[in-house]
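Listed here are the chains, written in short residue letters.
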Amino acid sequence: MAAPGAEGTEADSDGGSEELVLTPAQLIRSLEQAWLNEKFAPELLESKPEIIECVVEQLDHMEANLKRAKRGDLKVSVHRMEIERIRYVLSSYLRCRLGKIEKYFPHVLEKEKSRAEGEPSILSPEEFAFAKEYMANTETYLKNVALKHMPPNLQKVSLLKSVPKPNLDSFVFLRVLERQENILVEPETDEQREYTIDLEEGSQHLIRYRTIAPLVASGAVQLI
């Protein structure tokens, strides 16, 4: 994703793949979509460093424009409020991700470790470093405060087993952005059978997260 600009595509220097260029409004919508998905998804979602980088650049650009604006202009107050709104969404998005990393750190690192080659990372480099440091500090704390005072056969603990996993079977609200057909829904009880549903564009549903997790990742649905 390129820096904010006019809508269109840009070819790279080799004349190969093309890069989508978003307008500022489209960029902010992408940030808000990532924020809402992260806020309501039970698991840590794919990292969006390109969106973060572009939003920070856009905020810097908006701040520079404000410095050149005339004092007392009503537009300055409106643009200042918009900058603060964007900063709130950005900081909330990052805090939400850090909260999930702290809550599920062994599982996040294990998922990152087992990630197939070419598969998108769920952690940015900074988040990966934070998760590793958080796990090392947790292990050190447990060892110094509790484990070293216990019998030798009880001085080892598996954080993967001790820390709860994200509940992928929790239910979420969603809005369909792109029509989907034949979505397999798992039964709620032993008496029920699997069945398929179609998700119409613009419709809203309450459904088990595990069922629509791939659609959240692809951007076909929006958590609300």
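See above for the structure.
Residues numbered from 1 in each chain as written. Predicted model: local features only at pLDDT ≥ 70, side-chain atom pairs only at ≥ 80, totals over all residues. Heavy atoms only, no water.

1. Some thoughts on the packing of helix α3 (residues 74–113) against helix α4 (residues 125–145)
Note the cut-off: Only the stretch in contact is used when a helix axis is fitted, and all axes are lines through C-alpha atoms; the angle between N-to-C directions ranges over 0 to 180 degrees. Strands here mean DSSP runs of E at least two residues long; helices mean DSSP runs of H or I at least four residues long; both are numbered from the N terminus. By definition in this entry, angles of less than 35 degrees are roughly parallel, angles greater than 145 are roughly antiparallel, angles of 65 to 115 are roughly perpendicular, and the rest are oblique. Should any heavy atoms of two residues lie within 4.5 Å, those residues are considered in contact. Residue polarity follows a fixed list, in which Ala, Val, Leu, Ile, Met, Phe, Trp, Tyr, Cys and Pro are nonpolar, Asp, Glu, Lys and Arg are charged, and the others, Gly among them, are polar.
Across the interface, α3 lies against α4 with an axial gap of 9 Å and an inter-helix angle of 90°. By the angle between their axes, α3 is roughly perpendicular relative to α4. For the pair α3 and α4, contact is made by R97, L98, I101, E102, F105, L109 and E112 and by E127, F128, F130, A131, K132, Y134, M135 and T138, respectively. Class assignment for the residues of the contact of α3 with α4 results in nine nonpolar, one polar and five charged.

2. Concerning a nonpolar patch on the surface
For the record, the criterion: Patch membership requires more than 30% relative accessible area and the absence of a salt bridge. Residues of like charge join within 9 Å; the nonpolar side chains Val, Leu, Ile, Met, Phe, Trp and Tyr join within 5 Å. Surface accessibility follows the Shrake-Rupley procedure with a 1.4 Å probe radius. Residue values consider only the protein chains on display as shielding. One speaks of a salt bridge when a side-chain nitrogen belonging to Lys or Arg is within 4 Å of a carboxyl oxygen belonging to Asp or Glu.
On the surface, F171, F173 and L206 cluster together into a nonpolar patch covering about 320 Å² of accessible area. Structurally, the position occupied by F173 is in strand β3 (residues 171–176).

3. Digging into the environment of I224
This is how it is decided: Each residue gets one of three labels from its accessible area relative to the maximum for its type: buried under 20%, exposed over 50%, partly exposed in between, using a 1.4 Å probe on protein chains only.
Looking at the element boundaries, I224 is found in the segment after β7 (221–223). Owing to a relative accessible area of 28%, I224 belongs among the partly exposed residues under this scheme. Sequence separation of I224 and N37 is 187 residues, and the distance between their C-alpha atoms is 7.4 Å. When sequence neighbours within four positions are dropped, the list of residues in contact with I224 reads F40, F173, L174, R175 and Q204.

4. Remarks on the pattern of salt bridges
Taken as a whole and assessed by the stated rule, the structure comprises 14 salt bridges. As a salt-bridge pair, E112 and R115 come within 3.1 Å of each other at their nearest N and O atoms. R115 sits in the partly exposed class, given a relative accessible area of 32%. We note a salt bridge from R179 to D198, for which the minimum N-O separation is 4.0 Å. Within this pair, whereas R179 is found in the loop between β3 and β4 (180–185), its partner D198 is found in strand β5 (residues 195–199), the two being separated by 19 residues in sequence. Look at R179 and you get partly exposed, because its relative accessible area is 38%. Shared partners join several salt bridges into a network, and the residues in it are E38, R97, K100 and E127.

5. Observations regarding the environment of L184
Position of L184 relative to the elements: it lies in strand β4. The partly exposed category is assigned to L184, whose relative accessible area is 45%. Separated by 23 residues in the primary sequence, L184 and K161 place their C-alpha atoms 30 Å from one another. In this structure L184 touches E194, Y195, T196 and T211, once residues within four positions along its chain are discounted.

6. Some details on the packing of helix α1 (residues 24–40) against helix α2 (residues 49–68)
Two measures define how a pair of helices packs: the angle their axes make with one another and the distance between the axes. As a reminder of what qualifies: When the near helix sits turned anticlockwise from the far one by under a right angle, the crossing is termed left-handed; a clockwise turn instead gives a right-handed crossing.
With their axes 10 Å apart at the nearest point, α1 and α2 run at an angle of 130° to one another. Classed by the angle they form, the pair α1 and α2 counts as oblique. For the element pair α1 and α2, the recorded crossing hand is left-handed. In this structure, α1 uses P24, L27, S30 and L31 to contact α2, whose residues at the interface are I51, I52, C54, V55 and Q58. Residues of the contact of α1 with α2, tallied by class, amount to seven nonpolar, two polar and no charged.

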